[in-house]
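Examining the three-dimensional arrangement
Here's the letter readout for the chains.
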Amino acid sequence: MIKGQDVVLLLRLISLWKTDAGSHLQLRSRDWQGWEHARHEDWHWDQSRPGFENHWRGLFTVRQLAGDTGISKSQVGLALNRCLDNGLAFPDRRTELLKANAPALLGVLVHASRFIFPVRQGPVSRGIATAMSAPILAEHLATVGEHLLVWPSVTGSSHGQSIEPLIPTVPHAVKSDPLLYAMLALTDSLRVGLSRERAIAEDQLASIMNLPEKARL
């Protein structure tokens, strides 16, 4: 069994392990923020900063993961244990910090997310652009439909058809992590998109996860 908080935490782990500035700055350059008063605390990739190693390791604690994602500490602990049990996460041999099993996670998202996490639409509202409407897919799709798709949020900078995120705290979780925002928006494309949109989302997720085609499940 996999829950929405499991996916959010696994994608956060993937982002934390991508400690290269280029990935984050590339997404920043695409105006990835979809909200007002964006926080700019995502320096986990900036290895030149003093104390980087200790700071980076601290981002993997249950307490910090809970604060960054908005998931309660008890639920973070349960989710990580569930992911260890089902093979979607494992400890890194060198650091003993948790890593996501990226090929397995991508396989779940591509082949089962539509069924495990069906999309529920809400009213037209203010929110954060997601799925085919998100910046990560803007250069790949000529049109995104009659309405933008958004996660409802009072601080969102877009207006469109609201859809329910994987968990209610997604709008909070993405505001300090451009890669997490990109991956969750791509996950929504897999949940709601048509075949072409889903194929593009799969390729983009695989690229972020550094997965060659032969490694996909």
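Heads up: these notes are all about the structure in this document.

Thresholds, definitions, all that
- Along every chain, residues carry numbers that run from 1 in the direction the sequence is written.
- Owing to the predicted nature of the model, reporting of local features is limited to residues with pLDDT of at least 70; listing and counting of side-chain atom pairs is limited to 80 or more, with chain, interface and lining totals taken over all residues.
- Only hydrogens and water are set aside when side-chain values are computed; all heavy atoms of the structure are taken into account.
- Secondary structure follows DSSP: runs of H or I at least 4 residues long count as helices, runs of E at least 2 residues long count as strands, and numbering of each begins at the N terminus.
- Think of it in three bands: residues with accessible area under 20% of the maximum for their type are buried, residues over 50% are exposed, and the middle band is partly exposed, with areas taken using a 1.4 Å probe on protein chains only.
- We call two residues in contact when some of their heavy atoms are within 4.5 Å.
- Here the Shrake-Rupley method, with its probe set to 1.4 Å, supplies the accessible areas, and only the displayed protein chains count as covering residues.
- Strand pairing is defined by DSSP finding a minimum of two bridges between the two strands.
- Take the buried Ala, Val, Leu, Ile, Met, Phe, Trp, Tyr and Cys residues and link them wherever side-chain atoms come within 4.5 Å; each set so joined is a nonpolar core.
- Points on a 1 Å grid over protein atoms alone make up a cavity when a 1.4 Å probe fits among them but cannot get out, and a pocket when they form an open set with protein on both sides within 12 Å along at least five of seven lines; lining residues each have an atom within 4 Å of a point.
- Grid points are joined across faces, edges and corners, and a volume is the space filled by probe spheres set on the points.
- Two N or O atoms count as a polar contact when they lie within 3.5 Å, although within protein this holds only if one can serve as hydrogen donor and the other as acceptor, and sequence-adjacent residues are included solely when both atoms are side-chain atoms.
- Only rings of Phe, Tyr and Trp enter the pairing, Trp through its six-membered ring, and a pair is recorded when the two centres are within 6.5 Å. The plane angle decides the type: under 30 degrees is stacked, over 60 is edge-to-face, the rest tilted.
- The rule for a charge over a ring is simple: NZ of Lys or CZ of Arg within 6 Å of the ring centre, and within 35 degrees of the ring normal.
- Each axis is a line fitted through C-alpha atoms, and for a helix only the stretch in contact is used; angles between axes span 0 to 180 degrees, taken between their N-to-C directions.
- Here the word oblique covers every angle except those under 35 degrees (roughly parallel), over 145 (roughly antiparallel) and from 65 to 115 (roughly perpendicular).

Our focus in this paragraph is the overall build of the protein chain. A count of helical and extended segments in the protein chain gives ten helices and five strands. Buried residues in the protein chain amount to 53% of all 217 residues. Sequence separation of 24 or more characterises 68% of the internal contacts of the protein chain that already satisfy a separation of 6 or more. Carbon and sulfur atoms provide 52% of the accessible area of the protein chain, an area that totals close to 10,200 Å².

On to the environment of Ala206. As for its position among the elements, Ala206 is in helix α10 (residues 195-208). According to the relative accessible area criterion, Ala206 is buried, its value standing at 0%. Taking the C-alpha atoms as reference points, Ala206 and Met183, separated by 23 residues in sequence, lie 9.8 Å from one another.

Moving on to the pairing of strand β3 (residues 121-129). A regular strand carries its side chains on alternate faces of the sheet. Note: β3 against strand β5 (residues 158-163), five bridges, orientation antiparallel. Among the inter-strand pairings, Gly127 is bridged to a residue of β5, identified as Ser158.

Attention now moves to the pairing of β5. The element β5 is extensively covered by neighbouring structure, given that five of its six residues are classed as buried. As judged from the two bridges shared by strand β4 (residues 149-152) and β5, these two strands associate in the parallel manner. Opposite Leu149, over in β5, you have Gln161 as the bridge partner.

Turning next to the nonpolar core. In terms of nonpolar packing, the biggest core is built from 63 residues, with Leu11, Leu184 and Met209 touching the most fellow members. Broken down by element, the residue count for this core peaks at nine residues, all from helix α9 (residues 178-192).

Once that is clear, we can look at the layout of surface pockets. Looking at the largest pocket, its volume works out to about 150 Å³. Residue lining of the largest pocket: Leu13, Ile14, Trp17, Lys18, Phe90, Lys99, Ala100, Ala102, Ile208, Met209 and Asn210, and that is the complete set. Mapped onto the lining of the largest pocket, the elements with two or more residues apiece are α1 (4-17) and β2 (98-100). The greatest single-element share of the lining of the largest pocket, amounting to three residues, is contributed by α1.

With that settled, the discussion passes to the side chain of Lys175. Following the sequence through the fold, Lys175 ends up in the loop between α8 (170-173) and α9. Of the polar contacts made by the side chain of Lys175, one reaches the side chain of Thr155; its length is 2.6 Å.

We now examine unusual backbone geometry. Residue Glu96 is not a glycine yet carries a positive backbone phi of 70 degrees. Mapped onto the secondary structure, Glu96 falls in the loop between β1 (89-91) and β2. The phi angle at Ala131 is positive, at roughly 50 degrees, despite the residue not being glycine. By secondary structure assignment, the location of Ala131 is in the loop between β3 and α7 (135-138).

Turning next to the environment of Leu11. Along the polypeptide, Leu11 turns up in helix α1. Given the relative accessible area of 0%, Leu11 is considered buried. Placed 169 residues apart in sequence, Leu11 and Leu180 show a C-alpha to C-alpha distance of 6.2 Å. With sequence-adjacent residues up to four places away left out, Leu11 is seen in contact with Leu105, Leu180, Met183, Leu184, Thr187 and Met209.

Counted according to the given criterion, the structure contains four aromatic pairs. In textbook terms, an aromatic cluster arises when at least three aromatic residues are bridged by ring pairs, as seen for Trp17, Trp56 and Phe60. Directly above the aromatic system of Trp17 lies the positively charged group of Lys99, at a separation of 4.5 Å from the ring centroid.

For the rest of this paragraph, the subject is the packing of α1 against helix α5 (residues 73-86). For the pair α1 and α5, interaxial distance at closest approach is 9 Å and the crossing angle is 80 degrees. It follows that α1 is roughly perpendicular to α5 by the angle criterion. Each of Gln5, Asp6, Leu9 and Leu10 in α1 lies in contact with α5, whose residues at this interface are Gln75, Val76, Ala79, Leu80, Arg82 and Cys83.

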